[in-house]
Amino acid sequence: MKTILINGYTLSVSFEDGAIHLMSDNALWNLLSDNVKTNVEIVSNAILNEYKGIFGKALDISLKSLSVEILGHVYAEHILALVDRFIQKLNIDVDLKKIIRNCSVIDCGETDKDGNRWFWNMLTPIYDTIVAMLPSGTKFRQGGG
C-alpha cells in the first residue's frame, strides 16, 4: 500500500500490474467534497503517474474512465449509507452494510483484469454531464457512512 498526498489529504492506493486499488475513506471523500471535477482529476492523474513510475508503463485506463469510476464508487457508497440510516430508523430488516463495505476499496483495472471497465469507458463521453449533476461542497461522511 502506497500513500499519495494531495492537497493535505493522504490517500492509500495499492498497485498491481494492470490494476490499482484505491481506499474509499474519509481522506478521499473529504478531498472530493470540494471542487469535485478538479480534485478527482488530480487524484486520477496522481494514480496514473504513480503507476507509470512503478511499472515503467502507462496503466491502460483513461483519465476520464478512472475519474468516473472513482466518482461512481464514492457516490454509490454515499447513497447506500443514507438509505441504510433511513431503513434502520424504520426498523426494516435489510442489511446494506455488506454492500457499503464492498465500496471501501475502489478496484480499477485494465479491460483484461476488470470486467466492468466497459461500463466506465462507456460513461466517459458524458463525464462532464455526470460531474455537473453531482452535489458539491458536501462533507459526505458527516454524521455517518
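Please refer to the structure higher up on the page.
Residues numbered from 1 in each chain as written. Predicted model: local features only at pLDDT ≥ 70, side-chain atom pairs only at ≥ 80, totals over all residues. Heavy atoms only, no water.

Asker: Would you take a moment to explain the overall build of the chain for this structure?
Answerer: Helix and strand counts for the chain come out as six helices and four strands. Start at the N end of the chain and walk to the C end: the helices and strands fall as β-β-β-α-α-α-α-β-α-α. Residues classed as buried in the chain amount to 44% of the 145 residues present. A fraction of 67% describes how many contacts in the chain between residues 6 or more apart in sequence connect residues 24 or more apart. As displayed, the chain has an accessible area near 7,700 Å², and 54% of this comes from carbon and sulfur atoms. (Helix = DSSP H or I, 4+ residues; strand = E, 2+ residues; numbered from the N terminus. Buried < 20%, exposed > 50% of the residue type's maximum accessible area, 1.4 Å probe, protein only. Contact = heavy atoms within 4.5 Å. Areas by Shrake-Rupley, 256 points an atom, 1.4 Å probe, with all protein chains shown as cover.)

Asker: Help me out: how do you make sense of unusual backbone geometry in this one?
Answerer: Only a minority of non-glycine residues have a phi that is not negative, and only a minority of peptide bonds are not trans. Of note, Asn 7 is a non-glycine position whose phi angle comes to about 50°, a positive value. In this structure, Asn 7 sits in the loop between strand S1 (2-6) and strand S2 (9-16). According to the relative accessible area criterion, Asn 7 is exposed, its value standing at 55%. One non-glycine residue with positive phi stands out, namely Asn 35, at about 50°. By secondary structure assignment, the location of Asn 35 is in the loop between helix H1 (26-32) and helix H2 (36-55). Under the relative-accessibility criterion, Asn 35 is labelled partly exposed at 47%.

Asker: Sorry, what's going on with the sheet that holds strand S3 (residues 19-23) here?
Answerer: Two strands in a sheet stick together by hydrogen bonds in their backbones, pointing the same way (parallel) or opposite ways (antiparallel). Spatially, the four strands line up as an open sheet ordered S1-S2-S3-S4, and their pairing is antiparallel. Every interior strand has two partners, whereas the edge strands, S1 and strand S4 (105-109), have only one. Across the sheet, the axes of successive neighbouring strands diverge by a mean angle of 30°, strand direction being ignored. Pairing analysis gives five bridges linking S3 to S4, with the strands arranged antiparallel. Bridging from a neighbouring strand, His 21 pairs with Asp 107 of S4. Relative to the sheet, H2 contacts S1, S2 and S3, its axis offset from that of S2 by approximately 40°. (Pairing = 2+ DSSP bridges. Axes fitted to C-alpha atoms, helices over the stretch in contact; angles between N-to-C directions.)

Asker: Would you mind going over the pairing of S3 with me for this structure?
Answerer: Two faces, one strand: in a regular strand the side chains alternate between the faces of the sheet. In terms of residue burial, S3 counts as a mostly covered element, since four of its five residues are buried. As defined by bridge partners, S2 adjoins S3 across four bridges and the pair is classed as antiparallel. Note that in S3 the partner of Phe 15 across the bridge is Ile 20. Between S2 and the antiparallel strand that follows it, S3, lie two residues; Gly 18 among them carries a positive phi value of about 90°.

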